[in-house]
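Coordinate analysis (summary)
Listed below are the residues making up each chain.
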Amino acid sequence: MTAFRISPPIAETFPDTLIALVTATGLRGHEPWPATTTVLENLEQQIANGTWQPADESDPRIEAWHTAYRSFGTNPRRIRPSVDALGRRLAKKGSLPRINPAVDSYNAVSVGHGLPAGAFDLARVTGDVGIRYADGTEEFTPLGEPDTIENPKPGEIIYTDSTGVLTRHWNHRDAHRTRVTEDSTHVAFVLETLHATRDGHLLKTATMELQGLLTPHAEETSVHYLSAARPSATA
């Protein structure tokens, strides 16, 4: 079992944070996921016919993350929150990348609801996962760059386990080590908002949608929520 914890300084600085933790066990990433394909194609069709646009930095959901990034010294127009970068790519290219069914599922839910999302292969996570400020000594290997080692800036918000950093700039980029592939069978997915008072209902709707995409292809799924009041949950 892996515990996820929001550190007290993060909870104090961002008291309205709400993080959904969706755990899937017995995941079957090699079979077709038709519902995920449909969601992706529907988003792309809406872009094509002009009936919908992904949230951009003028949207309060994205603006909140830009403000948070600036608070820990990251320029959000150069290093963008994942949902912002994904939405910009979709608006520009008219399509979302196809990685594998599990990743495609959380990408679709993320951009569809304007909320950052990510995932970790729990078989590759060591110890518990903390959401905390970096001290600058931690090591991070970016997704797709297994031979690269970076050190987060002191004060940068990171997800980390006992081995190293799992995400930089809170939710900008995931680590190569804990990436989700077709072979991943035990995965923790996260969806995040900084404004639960305003967007908590949206987060819960997105969480239900993601769980619905995962359930037909998993032995079991479960949902837990982390907040300042309840800063820990177990996957």
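Overview of the structure. Throughout this description, residue numbers start from 1 for each chain and increase along the sequence as written. Per-residue local features of the predicted model are confined to residues with pLDDT of at least 70, and side-chain atom pairs are confined, for both listing and counting, to 80 or more; whole-chain, interface and lining totals are unaffected and use all residues. Only hydrogens and water are set aside when side-chain values are computed; all heavy atoms of the structure are taken into account.

Here we come to the sheet that holds strand β2 (residues 18-25). Spatially, four strands are ordered β3-β8-β2-β9 in an open sheet, and the strand pairing comes out antiparallel. Only two strands of the sheet have a single neighbouring strand rather than two, namely β3 (117-121) and β9 (220-227). Strand-to-strand twist in this sheet, taken as the mean axis angle between neighbours without regard to direction, amounts to 20°. The pairing of β2 with strand β8 (residues 186-193) spans eight bridges and is classified as antiparallel. Across the sheet, residue Thr 25 finds its bridge partner in β8, namely His 186. Pairs of residues are marked as contacts when any of their non-hydrogen atoms sit within 4.5 Å. Whenever a helix is involved, its axis is fitted only over the stretch in contact; in every case the axis is a line through C-alpha atoms, and angles between N-to-C directions fall within 0 to 180 degrees. Helix and strand definitions follow DSSP, with helices as H or I runs of at least four residues and strands as E runs of at least two, each counted in order from the N terminus. Where helix α5 (residues 101-113) meets the sheet, its contacts fall on β3 and β8, and the angle it forms with β3 comes to roughly 160°. Between any two strands, at least two bridges found by DSSP are needed for them to pair.

To continue, consider the pairing of strand β5 (residues 157-160). Across the two faces of β5 the burial is the same, with Ile 157 and Tyr 159 and Ile 158 and Thr 160 all buried. Inspection of the sheet shows strand β4 (residues 129-133) paired to β5 by four bridges, in the antiparallel sense. Bridged to Arg 132 within β5 is Ile 158. Sheet analysis places β5 next to strand β6 (residues 165-168), joined by two bridges and oriented antiparallel. Bridge pairing links Tyr 159 to Thr 167 in β6. The turn linking β5 back onto β6 is made up of four residues. Using a 1.4 Å probe on the protein chains alone, a residue whose accessible area is under 20% of its type maximum counts as buried, one over 50% counts as exposed, and one in between counts as partly exposed.

Looking now at the pairing of β4. In terms of strand pairing, strand β1 (residues 3-6) meets β4 through three bridges, oriented parallel. Residue pairing for β4: Ile 6 is matched across the bridge by Ile 131.

Let us now look at the sheet that holds strand β7 (residues 173-174). Spatially, the six strands line up as an open sheet ordered β7-β6-β5-β4-β1-β10, and their pairing is mixed. Both edges of this open sheet fall to β7 and β10 (232-234), since each of them pairs with a single strand only.

Pairing of aromatic rings covers Phe, Tyr and Trp, the last through its six-membered ring, and needs centres within 6.5 Å; plane angles under 30 degrees mean stacked, over 60 mean edge-to-face, and all others mean tilted. Enumeration according to the criterion identifies six aromatic pairs in this entry. On the basis of an interplanar angle of 40° and a centroid distance of 6.1 Å, the ring pair of Phe 4 and Phe 120 is categorised as tilted. One end of the pair, Phe 4, is in strand β1; the other, Phe 120, is in strand β3, with 116 residues separating them in the sequence. Taking relative accessible area as the criterion, Phe 4 reaches 1% and is therefore assigned buried. With a relative accessible area of 1%, Phe 120 lands in the buried category.

Structurally, Asn 100 can be placed in the loop between α4 (82-93) and α5. On the accessibility criterion, Asn 100 (4% relative accessible area) is buried. Contact partners of Asn 100, with chain neighbours within four places excluded, come to Val 180, Thr 181 and Glu 182.

Interpretation in functional terms is not warranted from these geometric data alone.
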